[in-house]
Amino acid sequence: MSEKRAVGQMLVSADRERFVEIDAHKVARGSFYTTDEAWLIAPVRAFINQALLSCASVLDPFAGDGHLLDLVRREFGAAVFGLDIAGAKWARNDSLVSIPNAGGAMIVTNPPYLANHSASRKGVSQIVATYFDGSDYDNLYKIALDKCLAVSDFVVAVIPETFLLSSFDKSRLQVVSVIEGDLFSDTEAPAVVACFGPAGGANDASVFVGEKPIGKLSEILELRRGRSRSGIRIVFNDPNGRIGLRAVDAQDVNRRIEFIFGDFEYKRSKVKESSRLMTYLDIPELSDEQLQQVISRANHLLAELREKSCDLVLAPFKGNDKLGNRRRRLDYALARQLLNEAS
Ligand SMILES: C[S@@+](CC[C@H](N)C(=O)[O-])C[C@H]1O[C@@H](n2cnc3c(N)ncnc32)[C@H](O)[C@@H]1O
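Presented here is an overview of the structure given in this document. All values derive from a computational prediction rather than experimental measurement. (Residues numbered from 1 in each chain as written. Predicted model: local features only at pLDDT ≥ 70, side-chain atom pairs only at ≥ 80, totals over all residues. Heavy atoms only, no water.)

What follows is about helix 3 (residues 67-76). All buried positions along helix 3 are accounted for by Leu 68, Leu 69, Leu 71, Val 72 and Phe 76. All buried residues of helix 3 fall inside an arc of 160° around its axis, so they share one side. Positioned one or two residues after helix 3, Gly 77 has a phi angle of 65°, which is positive. (Buried < 20%, exposed > 50% of the residue type's maximum accessible area, 1.4 Å probe, protein only. Helix = DSSP H or I, 4+ residues; strand = E, 2+ residues; numbered from the N terminus. Arc of directions from axis to C-beta.)

Put into structure tokens, the structure is as follows:
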């Protein structure tokens, strides 16, 4: 179906073959500008000041309207220059292919974001296919970051928060801060500002939420990795399962991620093999009474994990709840680990 679709037709329902018109070039180029200044928090400022001791200028290879460069020029008095594949403001360059940086400028950028799978859903594959061909990366921002890191010792990039849980090499990452609030003028993508230094420097990043220090990246990821992966048999996506799982925070703050004994707002008839946000599951070896204890312990472990990691071990989910907190999603691998530990 997708081959026959015109560029710019975004698939919204495969079952009903529904499409909506989108601005294909805006999506393919990731032209969502960073109009807010929330990314320039104190630890990032300190990083840029330090980097400017070694770099004479600042380059944004995906410069767009130049919002980031304007701010850097204003705040640091640095010489700045941009490149872009579109528009007339900067020298033209395809920075997803290579970035000229003979002068060793520091890079400050907000590259385009586009997942390979959503490129086809959004009907823009034809525009971006050449970048993904032969690349191991699944998102344009990772290709962009790789190109930036190849030509500069110091890179500050505003990128999706999912970067933190991704397998992208983080050995040069020195500082990363989760940006709260809406950073972009016209998208809700949850973002972080990531600061990379030269290879061989400190290789455990300091993590912040806004200005608040949370700990070292390795400690936060260990909260997830350090849990037992095997144990009791758990059957997911079982319409008759005795445990309900709301695996995503609702906008209503009373409906956060939770294991529930018995029925909850999700209809059992909707459970599918592919259910990822709400489901029913079972631990067949346990009695009802034992299950209730496991559920209570698993919810307790989850609350502890959320608090210790400031939610960063959970993937961000679109938008915020009604109190303005970023919504989160519990993947089933981690749900399984929590239930194992609670059993
Ligand atoms: C997310 S916008 C960021 C603009 C600017 N950094 C900001 O935050 O305001 C991404 C920019 O990258 C440009 N772009 C997309 N693909 C590109 C490519 N292959 N080479 C160079 N620029 C590209 C787009 O035209 C767009 O201006």
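And the narrative resumes.
Residue position: Gly 319 is located in strand 15 (residues 315-320). Take Gly 319: its relative accessible area is 12%, and that puts it in the buried class.

As a further point, take the nonpolar core. The tendency in soluble globular proteins is for nonpolar side chains to be buried as a group. Core analysis: the largest hydrophobic core is formed by 98 residues, its most contacted members being Trp 39, Met 106, Val 156, Phe 259 and Leu 330. When residues of this core are assigned to domains, at least three map to each of domain 1 (9-216) and domain 2 (243-342). Judged by nonpolar contacts, the second largest core, of five residues, contains Ile 260, Tyr 266, Val 271 and Tyr 280. (Core = buried A, V, L, I, M, F, W, Y, C linked by side-chain atoms within 4.5 Å. Domains from an automatic or database assignment.)

Take the packing of aromatic side chains next. The final tally for this structure, using the stated rule, is eight aromatic pairs. When the centroid spacing of 6.1 Å and the interplanar angle of 70° are considered together, the rings of Tyr 113 and Tyr 141 count as edge-to-face. Residue Tyr 113 is located in the loop between strand 6 (106-109) and helix 4 (116-121), and its partner Tyr 141 is located in helix 6 (residues 140-151); the two are separated by 28 residues in the primary sequence. Tyr 141 carries the same exposure label as Tyr 113, and that label is buried. Over the ring of Phe 163 we find Lys 170; its NZ or CZ atom is 5.2 Å from the centre of that ring. Taking NZ or CZ as reference, Arg 268 lies 3.9 Å from the ring centre of Tyr 280, over its face. (Phe/Tyr/Trp six-rings, centres within 6.5 Å; stacked < 30°, edge-to-face > 60°. Lys NZ or Arg CZ within 6 Å of the ring centre and 35° of its normal.)

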